[in-house]
Amino acid sequence: MGLTLQVVLFWLLALHSDTVTGSTLYRVQEEQPPNTLIGSLAADRGLPDSGHLYKLEVGAPYLRVDGKTGDIFTTEIPIDRETLKDCRSLSKGKLCYLEFEVSVTDLIQNQSPRLIEGRIEVQDINDNTPQFPSSVLTISVPENTIMGALFSIPLATDRDSERNGVAEYVLTAGPDAATLFGLQVAEDRGGKLPQLIVLGNLDREFKDSYDLTIKAVDGGNPQRYSSALLRVVVTDANDNAPKFEKSTYESEVSENSPTGHSILQVKANDSDMGPNGEIEYTLHQAVDPVPRLLRIDHSTGVISVKGSLDREEISSLSFYVMAKDKGPQPKSSKTFVTIEVTDQNDNAPAVEIRGIGLVTHSKGVANISEDMPVATAVALVQVSDKDEGENAVVTCVVAGDVPFQLRPASDSSSDNKRKYFLQTTTPLDFERIREYRVEIVAVDSGNPALSSTNSLKVQVTDVNDNSPIFSPAVFEVDFAEENQPGEKVLDVTASDADSGTNAELFYNILADSSIKGLFEIDPNTGEVRARSPLDREHKERYEFRVTAADKGSPVHKGTASVVINVLDRNDNDPKFMLSGYSFSVLENMPPLSPVGMVTVLDVDKGENARVHLSVEPDGGKFVVQNGTGTILSSISFDREKDSSYTFRLKAVDEGEPPRSSYVGVTINVLDENDNDPVVTKPSNFSYKRLSPVSSPDSHVEIVEAEDLDSGPNAELVFSIAGGNPHQLFRISPTSGEITLAKEMTRKHGGLHRLVVRVTDRGKPPRHTTALVHIYVNETISNVSLVEALIGHSLYTPLDRDIAGDPDNGFAAQRSNILFGSLAGVAGVVLLILVVVFIRHRIQKETKSGYQAGKKETKDLYASKQAPKNAKGKRGRKGKPQKSPKPLGEEEEVSLQKSLKFNLDGINDSPRIHLPLTYSPGSPDIGRHYRSNSPLPSIQLQAQSPSASQKHQAVQDLPAANTFVGTGTDDNSTGSDQYSDYSYKTSQPKYNNKQCL
């Protein structure tokens, strides 16, 4: 909307057509934004808005022209009236113009272009603020000055034109100065002259200076202004001021006058005597270029040349001269001086040759086709002379015998600037003459006359009427992949029946996204090269088209097809579909079972794509089938022995040389429920005292167990399988914590043996059984009694409950004392037999004593084998344990003769020495009890070792914490269930968790 409003404003107020000279005049305000429409040549000149080409010849960079409509617009570079070269030193009242030239070419009739000349009047806007020469202005006023006397105030200057220049001055005074001073603005040659008027009597002894504020305001809209401090200094009396003989001085000076040449003299008189009558002359408030070009003699007032005068640069100088006396309080006056700079013929004509319309020039050369019609414009010639008058009248001709002439290009040419079209006078013939040197001579009318020349080289170009032809029309070639960049593929050639540049061919590949960046062609020879290595696996065949274009105008082209068949090389490694493979299999799978399948591809072709697979390192545990990629196991897996296997597969193709690749394979062995739970706490030999007054839900004991399996196979469930006839205790199925279920009565006193079953959640589930002894009594006053009770419990079948007996408490106590005494005697005898046995074994074998973990070849205590479903446990990493060497009959008999109980403390786990003779119904504790840490269980020692003995044999029985079972076996307590007794070495996993 803003742009449209500006256009209407320009057309209504600013558009003007000069009908006298035929030139076009537009008006536009300075500082307009880019793309502001200034005028439309097509509409203003009555030209069609189609079929013509408009081209800006003069006017850049401030203007641009639409090539189709001839509309003239502003550009990104604003038009600033104050900085334009031709408008910097304009005299007051003169307008600022920006000249332009536009050529118009008829594209339909192919005629010579027309030249449209015009001017744009750049109208001023208020974009500059008035400025005083200083921020502090000082005026001296004698104290005896009469009222009404005037004193000049330094002028403020404004770079804008008169309308936007300084319009008024405003004086502001304080209370002490408001009655003494005023402001009067006089008009002088269209300018405002501020003057200070004295309104009252001044007394220097009362006050010697006054500070006022002077403000200069311009006439723009909105107005702009600036202020300065005006300081009035009251001086002693000085009666008379100098007075010039003339109020205005005018003179002329020739340009190029030498330095020091006198131009004129100004004269002023002062009727005072002495210093008050001596006068000094100065240039008053003169601005550039006056101080640069002129000087004034301070004593005589003679104005002379100081710098080089050039009328073509500065044609007039106007300024003020001030005359000031030398009194203590000097007085002054001024006069206005105008000096005109007259012309001398010091400039030779300038001949400028440039392109016009569609004809462009490059380094002084113009090209024109031989088939162009007569009177075709080849160039625009502008002849100008900076001088004036007769010195600027120029005559211009074409020298020599050439088929060219000058024709006026514009009716608006002035004497000092003329424009011509350089056009042909006869048809041109390329085969006869291919180029011309056209020389243009310009001579002015000065005395003596000055001249200058300029020349243009015109080249006649051949008419291009033949297209290049390829032979054959299709080029096909085989080319191996993995080539070097820049390697030659083939040559394509074409021929052209024309001559010269019309026969010079330029080869190119037609753009195709499928071959972008892959091939290049030498534009001069037609050699096709591969820019980058080709990959047959990416593409086996390439087809594209090449062109051969001549260098004529207009350009003619010929085309051909190129087919490239890419041959294979063994340049690709076999590639596995994944960067790594991971398979999961169940343990206990039979050998040669498939455990996984891999896929490998080779994108090469033929033998280069045939792949052979192998296992590395080949440990014999796995094989791979070629063709299917199936991995087979050569072993049966045991997760507790090895939970995973890692190896690499190697893929090798049959290319030459062969290429290979590797991939990592991980076999994860999934768990099967093939391990029984293991109770790590409490020991079957330990007990826990419980006060009879304990409240329900009191913590009694906690059963801890572990399972070598994983996942659900290692999730354990705790339950009380026996020994709780009064339902006095309960156990948490998840944590194994045993708590008191209800209040105890007197009959509950004594030893309780809970049979705790620990079952995993495997399918089928496996379980184990442990004994938890709880002694209900206020204190433990008789440790031997408790040990005897626990020893009795260990030999009592599991189907018989041991749950306290309050009615027979005292009788049981007496019998327990008796049993304890007998057990003590039996223990001593047992230790003696053990020492004798150990010494006998040391003498027979090179390594000492009994080896824990070896399976006995003979059952010491039963004639029956263990049930088939009672799976033996393995040691570290699942390796089967060795059986101990079987005992002789004598040792077996001696080991069955004694039993000894020791209790190190009430709250500690007891160290129990078991007899090895059991009644037919007693459980075989040694067969089913297992622990995972060094076991302070049964120690066999010589009762009376001699001083000469160097060592004592200590035999640790295997872990004895757990009764084991599998599946859904019933808790059979018969003697044949526990008859197969053997020792198991402790599992490393539980080294720090054994609790007896």
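Keep in mind the model is a prediction, meaning the values are calculated, not measured.

Rules behind the numbers
Residues numbered from 1 in each chain as written. Predicted model: local features only at pLDDT ≥ 70, side-chain atom pairs only at ≥ 80, totals over all residues. Heavy atoms only, no water. Helix = DSSP H or I, 4+ residues; strand = E, 2+ residues; numbered from the N terminus. Buried < 20%, exposed > 50% of the residue type's maximum accessible area, 1.4 Å probe, protein only. Contact = heavy atoms within 4.5 Å. Areas by Shrake-Rupley, 256 points an atom, 1.4 Å probe, with all protein chains shown as cover. Pairing = 2+ DSSP bridges. Axes fitted to C-alpha atoms, helices over the stretch in contact; angles between N-to-C directions. Phe/Tyr/Trp six-rings, centres within 6.5 Å; stacked < 30°, edge-to-face > 60°. Disulfide = S-S within 2.5 Å. Patch = residues over 30% accessible without salt bridge, like charges linked within 9 Å, V, L, I, M, F, W, Y side chains within 5 Å. Salt bridge = Lys/Arg side-chain N within 4 Å of Asp/Glu carboxyl O. Core = buried A, V, L, I, M, F, W, Y, C linked by side-chain atoms within 4.5 Å. Expected span 1.5 Å × (residues − 1). Polar contact = N/O pair within 3.5 Å; in protein donor to acceptor, adjacent residues only side chain to side chain. pLDDT = per-residue confidence, 0-100.

Before we go on, may I ask you to explain the overall build of the protein chain in this structure?
A count of helical and extended segments in the protein chain gives 8 helices and 64 strands. Out of the 996 residues belonging to the protein chain, those deemed buried represent 46%. Here the contacts in the protein chain between residues at least 6 apart in sequence split such that 71% fall between residues at least 24 apart. Element-wise, carbon and sulfur atoms account for 50% of the exposed surface of the protein chain, whose accessible area totals about 49300 Å².

Is there a simple way to think about the sheet that holds strand β41 (residues 541-550) in this case?
Strand pairing in a sheet relies on backbone hydrogen bonds. The paired strands run either parallel or antiparallel. Taken in spatial order, the 4 strands of this open sheet run β35-β42-β41-β38, and their pairing is mixed. Since the sheet does not close on itself, it has two edges, and those belong to β35 (474-480) and β38 (505-509), each with one partner. Between one strand axis and the next, the sheet turns by 25° as a mean value, whatever way the strands run. Strand direction decides the pairing type here: β38 and β41, joined by 5 bridges, are antiparallel. Its bridge partner lying in β41, phenylalanine 506 is registered against alanine 549.

Looking at this structure, I do not really get unusual backbone geometry. What am I missing?
In terms of backbone geometry, most residues other than glycine have negative phi values and most peptide bonds are trans. Cis geometry marks the peptide bond from aspartate 288 to proline 289, where omega comes out at 15°. Checked against the element boundaries, proline 289 lands in the loop between β20 (279-284) and α4 (290-293). In the segment running from serine 471 into proline 472, the intervening peptide bond is cis, with an omega of 0°. Along the polypeptide, proline 472 turns up in the loop between β34 (469-470) and β35. Positive phi, normally seen in glycine, also occurs at glutamate 31, with a value near 60°.

Sorry, what's going on with the packing of aromatic side chains here?
The geometry of two aromatic rings is summed up by the distance between their centres and the angle between their planes. The full count for this structure, using the stated rule, is 16 aromatic pairs. Seen from their ring centres, phenylalanine 470 and phenylalanine 475 are 6.5 Å apart, and the 85° between their planes marks the pair as edge-to-face. Take phenylalanine 470 and phenylalanine 475: they sit in the same class, and that class is buried. Centre to centre, the rings of phenylalanine 637 and tyrosine 645 are 5.4 Å apart; their planes meet at 50°, and the pair counts as tilted. We note that phenylalanine 637, like tyrosine 645, is buried. Taken together, the aromatic side chains of Phe622, Phe637, Tyr645 and Phe647 make up a single cluster linked through ring pairs.

Could you clarify how one ought to interpret the state of the cysteines in this entry?
As used here, a disulfide is simply a covalent bond connecting the sulfur atoms of two cysteines. As enumerated under the stated definition, the model contains 1 disulfide in all. What pairs with cysteine 87 in a disulfide is cysteine 96, and their sulfur atoms sit 1.8 Å apart. Taking the torsion about the S-S bond as the criterion, the cysteine 87 to cysteine 96 disulfide, at about 85°, is right-handed. Relative accessible area serves as the criterion here: at 6%, cysteine 87 is assigned to the buried category. On the basis of relative accessible area, cysteine 96 is assigned to the buried category, the value being 2%.

Honestly, the sheet that holds strand β49 (residues 630-633) in this entry has me stumped. Any pointers?
In space, the 3 strands of this open sheet follow the order β45-β49-β48, with antiparallel pairing throughout. Of all strands in the sheet, those with a lone pairing partner are β45 (594-597) and β48 (622-624), marking the two edges. Averaged over neighbouring strand pairs, the angle between their axes works out to 25° when direction is ignored. Of the strand pairs in this sheet, β48 and β49 are connected by 3 bridges, and their pairing is antiparallel. If you follow valine 624 over to β49, its bridge partner there is isoleucine 631.

Looking at this model, I keep getting lost on a nonpolar patch on the surface. Mind explaining?
Residues Met577, Leu578 and Leu601 make up a contiguous nonpolar surface patch of about 300 Å² in total accessible area. Tracing the backbone through its elements, the reader meets leucine 578 in the loop between β43 (575-576) and β44 (580-586). Given a relative accessible area of 48%, leucine 578 falls into the partly exposed group.

Hey, could you run me through the nonpolar core in this one?
Soluble globular proteins: nonpolar side chains tend toward being buried together. Of all hydrophobic cores here, the largest spans 29 residues; its most connected members are Phe181, Leu196, Ile214 and Leu230. Residue assignment for this core shows that the elements contributing at least two residues are β9 (136-142), β11 (166-172), β13 (191-198), β14 (209-218) and β15 (225-235). Ignoring sequence-local partners within four residues, the contact set of leucine 196 consists of Ile139, Ala149, Leu150, Phe151, Ile153, Leu171, Phe181, Gly182, Leu230 and Val232.

Looking at this structure, I do not really get the pattern of salt bridges. What am I missing?
Counted by the stated rule, this structure contains 35 salt bridges. A salt bridge links glutamate 504 to lysine 551; the nearest nitrogen and oxygen atoms lie 3.6 Å apart. Within this pair, whereas glutamate 504 is found in the loop between β37 (494-495) and β38, its partner lysine 551 is found in the loop between β41 and β42 (557-567), the two being separated by 47 residues in sequence. As a salt-bridge pair, aspartate 568 and arginine 536 come within 2.8 Å of each other at their nearest N and O atoms. Taken together, the residues aspartate 568 in the loop between β42 and β43 and arginine 536 in the loop between β40 (527-530) and β41 connect sequence positions 32 residues apart. Through salt bridges that share partners, Glu101, Glu117, Glu352, Arg354 and Lys419 make up one connected network.

So what exactly am I meant to see when it comes to helix α5 (residues 783-794) here?
Because an α-helix packs 3.6 residues into every turn, residues spaced three or four apart end up facing the same way. If you check α5, its first and last C-alpha atoms are 17 Å apart, about what 12 residues at 1.5 Å a residue would give, namely 16 Å. Burial analysis of α5 places 9 of its 12 residues in the buried class, the great majority of the element. Put simply, asparagine 782 is the residue that caps the front of α5, since its side-chain oxygen is 3.2 Å from the backbone nitrogen of serine 784.

Honestly, the side chain of serine 694 in this entry has me stumped. Any pointers?
With respect to the secondary-structure elements, serine 694 resides in the loop between β53 (687-690) and β54 (699-702). Polar contacts involving the side chain of serine 694 include one to the main-chain carbonyl oxygen of serine 691, which spans 2.9 Å. Apart from the residues within four sequence positions on either side, serine 694 is in contact with Leu740 and Met744.

I would appreciate a short explanation of the pairing of β13 in the present structure.
Regular strands place side chains that alternate from one sheet face to the opposite one. Of all 8 residues that make up β13, 7 are buried, and the element is covered over most of its length. One ladder, built from 3 bridges, connects strand β10 (residues 150-152) with β13; its direction is antiparallel. Along β13, the bridge assignment pairs serine 152 with glutamine 195. Across 8 bridges, strand β12 (residues 181-188) lies against β13 in antiparallel orientation. For leucine 183, the partnering residue across the bridge sits in β13 and is leucine 196. Hairpin geometry of β12 and β13 is characterised by an intervening segment of 2 residues between the two adjacent antiparallel strands and by a positive phi of about 55° at arginine 189.

Can you help me understand the side chain of serine 691 in this one?
Relative to the elements of secondary structure, serine 691 occurs in the loop between β53 and β54. Among residues more than four places away in sequence, those in contact with serine 691 are Met744, Asn777 and Glu778.

Sorry, what's going on with the environment of arginine 224 here?
Position of arginine 224 relative to the elements: it lies in the loop between β14 and β15. By relative accessible area, which is 32% here, arginine 224 ends up partly exposed. Separated by 97 residues in the primary sequence, arginine 224 and aspartate 127 place their C-alpha atoms 8.6 Å from one another. Excluding residues that lie within four positions of it along the chain, arginine 224 makes contacts with Asn126, Asp127, Asn128, Thr129, Pro130, Ala216, Val217 and Asp218. One polar contact links arginine 224 to threonine 129, side chain to side chain, over a distance of 2.9 Å.

How do you make sense of the confidence of the model for the protein chain when you look at a structure like this?
Do not read the predicted coordinates in detail wherever pLDDT is low. Looking at the protein chain as a whole, the pLDDT averages 79, with 80% of positions reaching at least 70. Here residues 806-810 scores under 50 on pLDDT; set against residues more than four positions off or in separate chains, the count is 4 contacts. Of the regions scoring below 50 in pLDDT, residues 846-996 engages in 355 contacts with residues more than four places distant in sequence or in other chains.

Help me understand the environment of glutamate 654, please; the structure alone is not making it clear to me.
Looking at the element boundaries, glutamate 654 is found in the loop between β50 (644-653) and β51 (660-670). Judged by relative accessible area, glutamate 654 falls into the partly exposed class, the value being 46%. When the C-alpha positions of glutamate 654 and valine 611 are compared, they lie 6.6 Å apart, and in sequence the two are 43 residues distant. Not counting chain neighbours up to four residues away, the residues in contact with glutamate 654 comprise Glu607 and Arg610.

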